[in-house]
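Topology and contacts: notes
Residues per chain, in single letters:
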Amino acid sequence: MRLLFGSCFTLLIAAALGLGATWFTLTRGVAFGALTIGAWTAWPKSGSVDIDPYARATIARSGELPTGMGDGVAFYAHTDDAGNKLDGRCMFTITGMTPPARYWTLTLYDPEGRLVANTMDRHGFTSEEIVRNGDGRFSIAVAPLARSGNWLPTGGVEQFVLAWRLYDTPIGVATRTAKEGPMPAIARKGCS
Amino acid sequence: MIRALLWILGAILLGGIVHLSTVLAMPQAARQDAYSRLVPLTPVNTMVPLALPTAASAIMPFMDPAFAEAVCRYDLSGGSLKLTAPVSQAYTSVTFYTRKSIAYYAINDRAAGRRTIELDLMTPEQHAQVPEEEDVTAADRLIIESPSTMGLIVLRALAPEPGLMPMARRALAAAKCAIQPIQ
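This one's a predicted model, so the numbers in the text were calculated from it and none came from an experiment. (Residues numbered from 1 in each chain as written. Chains lettered and ligands numbered in written order. Predicted model: local features only at pLDDT ≥ 70, side-chain atom pairs only at ≥ 80, totals over all residues.)

**Notes on the domain arrangement of chain A**
A common way to state how big an interface is: give the accessible area lost once the parts meet. Residues and elements named next belong to chain A. Domain boundaries assigned for chain A yield domain 1 (1-30) and domain 2 (32-191). Spacing between the C-alpha centres of domain 1 and domain 2 amounts to 35 Å. Taken together, the contact between domain 1 and domain 2 spans four residues of the former and four residues of the latter. In terms of residue class, the side of domain 1 that touches domain 2 is built from two nonpolar, two polar and no charged. (Domains from an automatic or database assignment. Contact = placed C-beta atoms within 7 Å. Nonpolar A, V, L, I, M, F, W, Y, C, P; charged D, E, K, R; others polar.)

Written out as structure tokens, the structure is:
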């Protein structure tokens, strides 16, 4: 009797633990070899045959195609530099400069990777579109309502994700520190 | 007390096995991976331009809206594949994915170094059958080995600003992929 109870209990706990851990890692996008610079994280290995099993499972589940290593590298941000969630009802600024790359694009998605509807039909910027200061630095306002300068509309969504993709760039698996790849800073400037 | 601890230890070990096996099985079990999403939209061994992602609909999540994309869903069981892609004015890249969405090779226009990216895609067996002198004489012939018989070739052309999207799409419209019959 005790044996039966014990084994049922064990199997139940095992199933809950195992499936729970799988669900957690796949929804959070856990993968090895992360390159984190400020609020931005990239997984350069996910764009090659050295992709780890967690990233493989995440990609198979979401249905996306990762950026190939010979093409570029994709950085994602889910929070600002202080760790605040990227809330579409707040205003954020993205300031600074980018690592060397022939081109880059910045895109705003919802957490599931869909573009967010807005009146401007604008979902991001490319390195050619951005308006820069005299010293080559730039400032982008990510806000629900129109701003002057580089304005990226959030559509007022509860949460959004930013993707910064560098194309034809030396940044990759060999990059270790922020000195080699200075990524722009994200800061919250108040909520409406 | 000891016995209860043993049961818990067993549960944790078994849980770890469940976790690892479900993670490893996910690529096989996934029904909505990129390849499956593209099957109804793309005939096999043909270059097909993809619809641009919009807020209302997108073929795959996290597509870059600044890029025009075209896909060749390939099956090498009938022979090797020849890819010809003219490069656009801004930036063009070609990425090769296996059936399970692993990016095994990617090249951009500058690395290819020509006005047209020309590649031969074949399985390791087909590559082994290529006569050696042909391999040497055609020095500028770029041969890629596909680890799987089926997979995806994704062509991406950047529109540096929205007004240049028609230019990027035109460049991709001239791209071709075709099976070369086995001699």
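**Some points on the domain arrangement of chain B**
One can read the domain layout of chain B as domain 1 (1-29) and domain 2 (34-181). The C-alpha centroid of domain 2 of chain B is placed 41 Å from the C-alpha centroid of domain 1 of chain B.

**Re the nonpolar core**
With 91 residues, the main nonpolar core has Trp40 of chain A together with Leu83, Ile153, Leu155, Ala157, Leu158 and Leu172 of chain B as its most contacted residues. With sequence-adjacent residues up to four places away left out, leucine 172 of chain B is seen in contact with Pro49, Ala68, Ala70, Leu155 and Ala157 of chain B. (Core = buried A, V, L, I, M, F, W, Y, C linked by C-beta atoms within 7 Å. Buried ≥ 20, exposed ≤ 12 C-beta atoms within 10 Å, placed from the backbone.)

**Topic: unusual backbone geometry**
With the exception of glycine, the majority of residues adopt a negative phi angle, and the majority of peptide bonds are in the trans configuration. The backbone of aspartate 168 of chain A sits at a positive phi, close to 55°, despite the residue not being glycine. On the secondary structure map, aspartate 168 of chain A appears in the loop between β9 (161-167) and β10 (185-191). Judged by the 18 C-beta atoms lying within 10 Å of it, aspartate 168 of chain A falls in the partly exposed class. Phi is positive for asparagine 45 of chain B, close to 55°, though the residue is something other than glycine. Along the polypeptide, asparagine 45 of chain B turns up in the loop between α2 (34-38) and β1 (47-49). Judged by the 16 C-beta atoms lying within 10 Å of it, asparagine 45 of chain B falls in the partly exposed class. (Helix = DSSP H or I, 4+ residues; strand = E, 2+ residues; numbered from the N terminus.)

**Focus on the packing of helix α2 (residues 53-62) of chain A against helix α1 (residues 2-29) of chain B**
One way to put it is that α2 of chain A packs onto α1 of chain B with a least axis distance of 8 Å and a crossing angle of 40°. By the angle between their axes, α2 of chain A is oblique relative to α1 of chain B. For the crossing formed where α2 of chain A meets α1 of chain B, the hand is left-handed. Contacts between α2 of chain A and α1 of chain B pair Pro53, Tyr54, Arg56, Ala57, Ala60 and Arg61 of chain A from the former with Val23, Leu24, Met26 and Pro27 of chain B from the latter. Split into classes, the residues belonging to the contact of α2 of chain A with α1 of chain B amount to eight nonpolar, no polar and two charged. (Axes fitted to C-alpha atoms, helices over the stretch in contact; angles between N-to-C directions. Parallel < 35°, antiparallel > 145°, perpendicular 65-115°, else oblique. Left-handed = near helix turned anticlockwise from the far one by under 90°.)

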